[in-house]
Amino acid sequence: VTLQRIAYDLDEGGVGRVLDELGFAGTYDAVHVPRNRRQYMNLAYAFVNFVHPSYAVRCISICNGRPFGNGEGLRDCRADYAKQ
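This structure is a prediction, so every number in the text was calculated from the model and none was measured. (Residues numbered from 1 in each chain as written. Predicted model: local features only at pLDDT ≥ 70, side-chain atom pairs only at ≥ 80, totals over all residues. Heavy atoms only, no water.)

Caption draft 1: How the structure looks around the sheet that holds strand β6 (residues 78-80). Here we have four strands laid out as an open sheet, ordered β2-β5-β1-β6, and antiparallel in their pairing. Lying at the two open borders of the sheet, with one neighbouring strand each, are β2 (28-32) and β6. Geometrically, the sheet is characterised by an average inter-axis angle of 20° between neighbouring strands, direction not taken into account. Strand direction decides the pairing type here: strand β1 (residues 2-4) and strand β5 (residues 45-50), joined by three bridges, are antiparallel. Paired with Gln-4 across the bridge in β5 is Tyr-45. Sheet contacts for helix α1 (residues 12-24): β1, β2 and β5; angle to β2, the most-contacted strand, approximately 140°. (Pairing = 2+ DSSP bridges. Helix = DSSP H or I, 4+ residues; strand = E, 2+ residues; numbered from the N terminus. Axes fitted to C-alpha atoms, helices over the stretch in contact; angles between N-to-C directions. Contact = heavy atoms within 4.5 Å.)

Caption draft 2: The arrangement of the packing of aromatic side chains in detail. Inspection of every chain in the model, using the stated rule, returns three aromatic pairs. Pairing Tyr-45 with Phe-47 gives two aromatic rings, centres 5.6 Å apart and planes at 85°, and the pair type is edge-to-face. What makes Tyr-45 partly exposed here is its relative accessible area of 28%. Judged by its relative accessible area of 33%, Phe-47 falls in the partly exposed class. In this structure an aromatic cluster arises from ring pairing among Phe-24, Tyr-28 and Phe-50. Note that Arg-58 overlies the ring of Phe-24, its terminal NZ or CZ placed 4.4 Å from the centroid. (Phe/Tyr/Trp six-rings, centres within 6.5 Å; stacked < 30°, edge-to-face > 60°. Buried < 20%, exposed > 50% of the residue type's maximum accessible area, 1.4 Å probe, protein only. Lys NZ or Arg CZ within 6 Å of the ring centre and 35° of its normal.)

Caption draft 3: Quick look at the side chain of Thr-2. Topologically, Thr-2 is positioned in strand β1. Thr-2 sits in the buried class, given a relative accessible area of 10%. In contact with Thr-2, not counting residues within four places along its chain, are Ala-46, Phe-47, Arg-78, Ala-79, Asp-80, Tyr-81 and Ala-82.

Caption draft 4: Looking closely at unusual backbone geometry. Within the chain, Arg-5 stands out as a residue other than glycine whose phi angle is a positive 70°. The residue Arg-5 is located in the loop between β1 and α1 in this model. A relative accessible area of 24% places Arg-5 in the partly exposed class. Unusually for a residue other than glycine, Ala-44 sits at a positive phi of about 70°. If you trace the backbone, Ala-44 turns up in the loop between β4 (41-42) and β5.

Put into structure tokens, the structure is as follows:
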């Protein structure tokens, strides 16, 4: 799953914490958050690998259209299947 427009301060652990708070603890086995090395922030998207397709469907349904993370000025997340 690709999560776009996430909070800029989130790293892999932060994305995991948000997912866990949303009820996804134990449903994913990998999180990758690309970062801008010069500014020490993420690029506002993350990849999450779920252990079963039904968890990916649920994540897209729950995360799409709502802010992902904490802070002011967050835009609504765009969640979708990652392209290969």
